[in-house]
Amino acid sequence: MSSAEVIITRDLDAPRETVWRVWTEPEYFARWFGAAPQSVALDVRPGGAWRATVATPGGEMPLRGVYREVVGGERLVWTLDLPQGSMELTAAFADLGGGRTRVVLRQPAPPREQCAQAEEGAARLLDGFAEVLASV
């Protein structure tokens, strides 16, 4: 983690095309993001909106945002609109050869006292992604 952002890197045993598909298709997204399948809508193009509703200990939490940049198979930049404001996230997908892909997830660093929680949350998200990817 830098002082300005949280960066999580994960190497995955799947070709980049498969990783991209699992990241951007609603049926897979719902599974790894922990969202109700019927709540997921992804318009994966610059300016396209996304939405999903996840269950939390406090009840259902609708999430939404907009894709700002889409470079097919390589890079996504999107917003996550929260009550306290919008946050921009980036995922880069690099072909490592041999059917392996590196995902680098970036998000703005939260206040210092919340950094460990943010890193843990991003790592859990990628753990869930890897589990769904392994089943494809």
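Residues numbered from 1 in each chain as written. Predicted model: local features only at pLDDT ≥ 70, side-chain atom pairs only at ≥ 80, totals over all residues. Heavy atoms only, no water.

1. Things to note about the overall build of the protein chain
Moving on, step 1. The number of helices and strands found in the protein chain is three helices and seven strands.
Moving on, step 2. Mapped in sequence order, the helices and strands of the protein chain form the string β-α-α-β-β-β-β-β-β-α.
Moving on, step 3. Its C-alpha atoms give the protein chain principal-axis dimensions of roughly 40 × 35 × 30 Å.
Moving on, step 4. Residues classed as buried in the protein chain amount to 38% of the 136 residues present.
Moving on, step 5. Within the protein chain, contacts between residues separated by at least 24 positions form 43% of all contacts whose residues are at least 6 apart in sequence. (Helix = DSSP H or I, 4+ residues; strand = E, 2+ residues; numbered from the N terminus. Buried < 20%, exposed > 50% of the residue type's maximum accessible area, 1.4 Å probe, protein only. Contact = heavy atoms within 4.5 Å.)

2. Re the sheet that holds strand E2 (residues 41-42)
Moving on, step 1. Spatially, the seven strands line up as an open sheet ordered E1-E7-E6-E5-E4-E3-E2, and their pairing is antiparallel. Strands with a single pairing partner mark the edges of an open sheet, and in this sheet they are strand E1 (5-12) and E2.
Moving on, step 2. In terms of strand pairing, E2 meets strand E3 (residues 49-56) through two bridges, oriented antiparallel. Looking at the pairing, leucine 42 lines up with tryptophan 50 of E3.
Moving on, step 3. Against the sheet, helix H1 (residues 16-24) contacts E1, E2, strand E4 (59-71), strand E5 (75-82), strand E6 (85-97) and strand E7 (100-108), and its axis sits at roughly 155 degrees relative to E6.
Moving on, step 4. Where helix H2 (residues 26-33) meets the sheet, it contacts E2, E3 and E4, and its direction lies at approximately 35 degrees from that of E3. (Pairing = 2+ DSSP bridges. Axes fitted to C-alpha atoms, helices over the stretch in contact; angles between N-to-C directions.)

3. Side note on the packing of aromatic side chains
Moving on, step 1. Using the criterion set out here, one finds 11 aromatic pairs in the structure.
Moving on, step 2. Judged by centre distance (4.6 Å) and plane angle (25 degrees), the ring pair of phenylalanine 29 and phenylalanine 33 falls under stacked. Taken together, the residues span about one helical turn, with phenylalanine 29 and phenylalanine 33 both in helix H2 at a distance of four residues.
Moving on, step 3. For phenylalanine 29, a relative accessible area of 6% gives the class buried.
Moving on, step 4. An aromatic cluster is present here, built from Trp20, Trp23, Phe29, Trp32, Phe33, Trp50, Trp78, Phe93 and Phe129 joined pairwise through their rings. (Phe/Tyr/Trp six-rings, centres within 6.5 Å; stacked < 30°, edge-to-face > 60°.)

4. A look at the pattern of salt bridges
Moving on, step 1. Counting across every chain of the model gives eight salt bridges.
Moving on, step 2. With a closest N to O distance of 2.5 Å, aspartate 127 and arginine 10 form a salt bridge. Of this pair, aspartate 127 sits in helix H3 (residues 115-134) while arginine 10 sits in strand E1, and the two are 117 residues apart along the sequence. (Salt bridge = Lys/Arg side-chain N within 4 Å of Asp/Glu carboxyl O.)

These figures come from the coordinates and say nothing about function on their own.
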